[in-house]
Amino acid sequence: MRYLYLTFAAACCAASLPAQAQSGPPTTIVVATSAGTGVDVIARVLGRQLAAQMGTPVIVENRPGASGNIGADHVARAAPDGRTLLLAATTFATNAAVNRTLPYDPVKSFEPIGLLSTGAMTLAVAPTLKAASVPELIKLAKATPGAINYASPGNGTPQHLAMELFKLEAGVDLFHVPYKSTGGAVTDLAGGHISAMVVPIDTVLPLATGGKVKVLGVMSAGRFPGLPDVPTLREQGLPKVEVGVWYGLLAPAGTPRSAVDRLNREVNEALARPEVVATLRQQGIDPAGGSPERLAAHLRAELARWQAVVKAARISVD
């Protein structure tokens, strides 16, 4: 979490733009989590850059609660004028997959602006677990069905669904232990109280380099430069277990195409800035960009994928 703290501090300091340097109505980026989280940091870094480019204030508004539903529903109901946006993350799709009665439609209630960034997840285990690779973990799990437990930040979270996908593809039975936060779960993983967990790159990197957890595999198409000796799950026989984090910007449905295109241009320009690229990569993620259609296709694919996993694993929200 060291990287997150430093970036957050820098972003907050940088966000203090002189009031006289900006004019015009503000744009609000709604974040459906608390301040200080990864998505909040990205929103503030992006907001800072967009404000500088557009010459108008950009406000980051945190609306946490109900697994992100409060913030998303607020934007879905906002005026479609391009002034209220949602910074959606991986949880936007996984939450829709496990919840059948959302107050909004994850596709029909929004207009995609652009895919901001993507990053990888990792499969990590406690340092005491007698497995040094994914095949060894699978062998151990098959020898002791249900005996190996794994943690997640809660039912229906990306980490939960990613591990369920791993279970389905590997044909193993692991016991799920849901936590209330990533921090508590990772602490218990490092302490050996939990055997395994899917962990984002930015969170696991300092723990792995410090020898506090073992990273058995990276859930991406290629190896992560910060962990060059760790093979992907594809390399270890599980090509379908490719899971990443992603962030995208959405506007309310009905936002004029002219406003969507204008915001898309601004976002792509911001993502090309060296300082923005550097900040994102400190978080273990890469800038994406592209057209609104790219984000729309990505979101449809994510929804379909996680809905299939939820159905196959028979997952339901408590």
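One structure accompanies this document, and this report is about it. What you are looking at is a predicted structure, and each value in this text was computed from that prediction instead of being measured. Here the residue numbers are simple positions, counted from 1 along each chain's written sequence. In keeping with the model being predicted, local features are shown solely for residues with a pLDDT of at least 70 and side-chain atom pairs are shown and tallied solely at 80 or more, while totals for entire chains, interfaces and linings include all residues. Derived side-chain values reflect all non-hydrogen atoms in the structure, with water molecules and hydrogen atoms excluded from consideration.

Let's talk about empty space enclosed by the protein
For the record, the criterion: Computed over the protein atoms alone on a 1 Å grid, cavities are sets of points where a 1.4 Å probe fits but cannot get out and pockets are open sets with protein on both sides within 12 Å along at least five of seven lines; a residue lines them when it has an atom within 4 Å of a point. Grid points are joined across faces, edges and corners, and a volume is the space filled by probe spheres set on the points. Each helix corresponds to a stretch of at least 4 residues labelled H or I by DSSP, and each strand to a stretch of at least 2 residues labelled E; elements are numbered beginning at the N terminus. Each residue gets one label: Ala, Val, Leu, Ile, Met, Phe, Trp, Tyr, Cys and Pro are nonpolar, Asp, Glu, Lys and Arg are charged, and the others, such as Gly, are polar.
In the structure shown here, the tally under the stated rule is one cavity of 30 Å³ or more. When its volume is computed, the largest cavity comes out at roughly 40 Å³. Lining the largest cavity, in full, are I42, V45, L46, L116, L271, V276 and L280. Broken down by secondary-structure element, the contributors of at least two residues to the lining of the largest cavity are α2 (38–54) and α10 (274–282). By residue class, the composition of the lining of the largest cavity is seven nonpolar, no polar and no charged.

A look at the pattern of salt bridges
Let me state the cut-off plainly: For this document, the term salt bridge refers to a Lys or Arg side-chain nitrogen within 4 Å of an Asp or Glu carboxyl oxygen. Partly exposed residues are those whose accessible area sits between 20% and 50% of the maximum for their type, while under 20% is buried and over 50% is exposed, using a 1.4 Å probe and protein chains only.
For the structure on display, the rule yields eleven salt bridges. Here E302 and R305 are joined by a salt bridge, their closest N and O atoms 3.9 Å apart. Here R305 and E302 lie together in helix α11 (residues 292–313), a separation of three residues that amounts to about one turn. Its relative accessible area of 8% is what places E302 among the buried residues.

Examining the pairing of strand β3 (residues 84–89)
In plain terms, the rule: For two strands to count as paired, DSSP must find a minimum of two bridges between them.
Burial analysis of β3 places six of its six residues in the buried class, which makes it a mostly covered element. The alternating pattern of β3 places T84, L86 and A88 on one face and L85, L87 and A89 on the opposite face, and all of these are buried. Taken together, the three bridges between strand β1 (residues 27–31) and β3 define a ladder with parallel strand orientation. From the neighbouring strand, T28 faces β3, where its bridge partner is T84. Relative to strand β9 (residues 244–252), β3 runs antiparallel, the two being bridged by four bridges. Directly across from L86, in β9, lies its bridge partner L250.

A closer look at the environment of V134
As a reminder of what qualifies: Two residues form a contact once any of their heavy atoms are found within 4.5 Å.
Tracing the backbone shows V134 in helix α5 (residues 134–143). C-alpha separation for the pair V134 and A66, spaced 68 residues apart in sequence, amounts to 34 Å. Once residues lying within four places of it in the same chain are set aside, the contact partners of V134 are L123, F166, L216, G217, L233, Q236 and L238.

Quick notes on the packing of aromatic side chains
To keep it simple, the criterion reads: Each Phe, Tyr or Trp ring (for Trp, its six-membered ring) is paired with any other whose centre lies within 6.5 Å, and the angle between the two planes then decides the class: stacked below 30 degrees, edge-to-face above 60, tilted in between. Two conditions define a charge sitting above a ring: the NZ of Lys or the CZ of Arg must be within 6 Å of the ring centre, and it must be within 35 degrees of the ring normal.
Throughout the structure, instances matching the rule amount to three aromatic pairs. When the ring of F92 is compared with that of Y104, the centres are 6.1 Å apart and the planes differ by 10 degrees; the resulting orientation is stacked. Here F92 is found in helix α4 (residues 90–98), whereas its partner Y104 is found in the loop between α4 and β4 (110–125), with twelve residues between them in sequence. Y104 matches F92 in its accessibility class, with the two residues each being buried. Judged by centre distance (5.8 Å) and plane angle (80 degrees), the ring pair of Y104 and F110 falls under edge-to-face. Like F110, Y104 is buried. Following the ring pairs from residue to residue traces out a cluster consisting of F92, Y104 and F110. Positioned above the aromatic ring of W306 is the side chain of R305, whose terminal nitrogen or guanidinium carbon lies 5.0 Å from the ring centre.

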